[in-house]
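Remarks on the overall topology
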Amino acid sequence: MNDEILDALLAGFPLPSLAIDRTERIIAANIEALTLINQQARGQNYVTMLRQPALLDAIETTLTDGMARSTQYLSNDGAQDTAFRVSCRAVQGLGRDMAGVVLVSFEDITDKEQAGQMRRDFVANVSHELRTPLTALMGFIETLRGPARNDPEAGARFLDIMQNEAERMNRLVGDLMSLNRVEGDERVRPTQSVVLNDILNSTLHTLQPLAREADVTFETEFPEIPVAMIADGDQLKQVFTNIIMNAIKYGGSGGRVTLQMTESAREPVLRAPGVRVQIIDYGAGIDPIHLPRLTERFYRADDHRSRALGGTGLGLAIVKHIINRHRGRLRVESELGKGTTFTVILPIQEGL
């Protein structure tokens, strides 16, 4: 088989693939492999083209003993680092003097690596979030059994703190379970017919005691004609509850929270009929550097304040997944000292 036929064969491979013969030269490669390593790689010595020691060792030993091997290769596509699992397989009867070649194929495993890293980060974050209140509880229990055994005043104070820490763990577990549910449902389209006005009014009614305690008033600007849509009503209430609670807690210094709802026959970001719900507070605002990461799990723009107010760092991650399930969009705009605007954009169905 000549090099042209081998090139044609590799062209049919879906993965970047190349062939190296006993002279240590790349005698054939498909376009994916040339794009990955070098457009001029064909005919060159593989050592000068690939360079990474682990891969070079795998190819060299496979050329020597004919045993199959796997290793990793790291590259960069200009936007991010990419990781490949590389397979080296000896094939007899090809190449110069039919002495055999090594077929090298590259499988992109970047997504798997990133998923693994996300899983490790998630476990580390959950462990950290639980360790802090558990450590506090263990410390107070030890104190109540020892130095504060006969001190009723200290005992009452410590018990209050312990209750707060236990409630914090309970909120975290609840949010973790909620996040797990919404992630599981994310690819399942809602089928319930709901009226968005009713969901928002119910949410505001539920949060009225919290707003009153924070000395915050609600302002609403809703269309007179109710907005009907296909959605999961409970999940949408969870979305607006999380966002409005944040507006009260972090933007309450502005004294008011405004809710505006506008319906559009063609929502530009959806390219279809849609409705926008804006939750606007007039508080301290959020530094713009934090905005791209607000919906990440456990990300907090103000870590200390969030913990003090009972936040778990999962609320906006839950919001993002629910909105994704509804094929909607979430926009956040903020400026320090001028408040924050959360915009929830949802598709609506005509004729409901």
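Above this text is the structure in question.
On to the packing of helix α5 (residues 110–145) against helix α6 (residues 152–185). Pairs of packed helices are described in terms of their axes, by the angle between the two and the distance that separates them. The geometry of α5 relative to α6 is characterised by a closest axis approach of 9 Å and an angle of 160° between their N-to-C directions. What the angle tells us is that α5 and α6 run roughly antiparallel. The handedness of the crossing between α5 and α6 is left-handed. By residue class, the composition of the contact of α5 with α6 is 18 nonpolar, 3 polar and 3 charged.

Another aspect to go through is the packing of aromatic side chains. The geometry of an aromatic ring pair is captured by two quantities: the separation of the ring centres and the angle between the planes. Following the criterion strictly, the structure yields 5 aromatic pairs and no others. Pairing Phe84 with Phe106 gives two aromatic rings, centres 6.2 Å apart and planes at 90°, and the pair type is edge-to-face. Of the two residues, Phe84 sits in strand β4 (residues 81–91) while Phe106 sits in strand β5 (residues 101–108), which places them 22 residues apart along the sequence. Judged by relative accessible area, Phe84 falls into the buried class, the value being 7%. Through pairs of rings, three or more aromatic residues link up here, namely Tyr73, Phe84 and Phe106. Here the guanidinium or amino end of Arg256 rests over the ring plane of Tyr282, the centre of that ring lying 3.7 Å away. The ring of Phe122 carries the charged tip of Arg297 above its face, separated from the ring centre by 4.7 Å.

Side chains that differ in sign of charge can pair as their charged atoms come close. Counting across every chain of the model gives 11 salt bridges. Notably, a salt bridge pairs Glu165 with Arg168, separated by 3.6 Å at the nearest N-O pair. Within this pair, Glu165 and its partner Arg168 are both found in helix α6, separated by 3 residues, close to a single helical turn. Neither residue differs from the other here; Glu165 and Arg168 are each classed as buried. For Glu267, the salt bridge is made with Arg276, and the minimal N-O distance between the two is 2.8 Å. In this structure Glu267 comes out as buried when scored by relative accessible area, which is 2%. Shared partners join several salt bridges into a network, and the residues in it are Arg85, Glu107 and Lys112.

Attention shifts here to the environment of Ile225. When you line up the elements, Ile225 lands in the loop between β7 (217–221) and β8 (228–230). Linking Ile225 and Asn197, residues 28 residues apart in sequence, is a C-alpha distance of 9.1 Å.

Once that is clear, we can look at helix α8 (residues 233–251). Along its 19 residues, α8 runs 26 Å from first to last C-alpha, staying within 8% of the 27 Å computed at 1.5 Å per residue. The N-terminus of α8 is capped by Asp232, whose side-chain oxygen sits 3.2 Å from the backbone nitrogen of Asp234.

Moving on, we come to a negative patch on the surface. Taken together, the side chains of Asp77, Asp81, Asp108 and Asp111 present a region of like negative charge at the surface. Among the structural elements, Asp111 can be located in helix α5. Taking relative accessible area as the criterion, Asp111 reaches 60% and is therefore assigned exposed.

An ideal rise of 1.5 Å per residue puts 50 Å on 34 residues; α6 measures up with 49 Å between its terminal C-alpha atoms. Residues of α6 that are buried include every one of Ala154, Gly155, Phe158, Met162, Glu165, Arg168, Met169, Leu172, Leu176, Ser178, Leu179 and Val182, and no others.

What follows deals with the sheet that holds β5. Sheets are built from strands paired through backbone hydrogen bonds, the pairs being either parallel or antiparallel. Here 5 strands make up an open sheet; going across it, the order is β2-β1-β5-β4-β3 and the pairing antiparallel. For this open sheet the edge positions go to β2 (26–29) and β3 (69–76), each flanked by a neighbour on one side alone. Each strand of the sheet is rotated relative to its neighbour by a mean of 25°, with strand direction disregarded. Bridge analysis of strand β1 (residues 17–21) against β5 gives 5 bridges, and the strand direction is antiparallel. Residue pairing for β5: Leu18 is matched across the bridge by Val104. Helix α4 (residues 53–65) rests against β1, β3, β4 and β5 of the sheet, and its axis sits at about 145° to β3. Sitting on the sheet, α5 touches β3, β4 and β5, and the angle it makes with β4 is about 130°.

Thresholds applied
Residues numbered from 1 in each chain as written. Predicted model: local features only at pLDDT ≥ 70, side-chain atom pairs only at ≥ 80, totals over all residues. Heavy atoms only, no water. Axes fitted to C-alpha atoms, helices over the stretch in contact; angles between N-to-C directions. Helix = DSSP H or I, 4+ residues; strand = E, 2+ residues; numbered from the N terminus. Parallel < 35°, antiparallel > 145°, perpendicular 65-115°, else oblique. Left-handed = near helix turned anticlockwise from the far one by under 90°. Nonpolar A, V, L, I, M, F, W, Y, C, P; charged D, E, K, R; others polar. Phe/Tyr/Trp six-rings, centres within 6.5 Å; stacked < 30°, edge-to-face > 60°. Buried < 20%, exposed > 50% of the residue type's maximum accessible area, 1.4 Å probe, protein only. Lys NZ or Arg CZ within 6 Å of the ring centre and 35° of its normal. Salt bridge = Lys/Arg side-chain N within 4 Å of Asp/Glu carboxyl O. Expected span 1.5 Å × (residues − 1). Polar contact = N/O pair within 3.5 Å; in protein donor to acceptor, adjacent residues only side chain to side chain. Patch = residues over 30% accessible without salt bridge, like charges linked within 9 Å, V, L, I, M, F, W, Y side chains within 5 Å. Areas by Shrake-Rupley, 256 points an atom, 1.4 Å probe, with all protein chains shown as cover. Lys, Arg positive; Asp, Glu negative; His and termini not counted. Charge placed at Lys NZ, Arg CZ, Asp CG, Glu CD. Pairing = 2+ DSSP bridges. Contact = heavy atoms within 4.5 Å.

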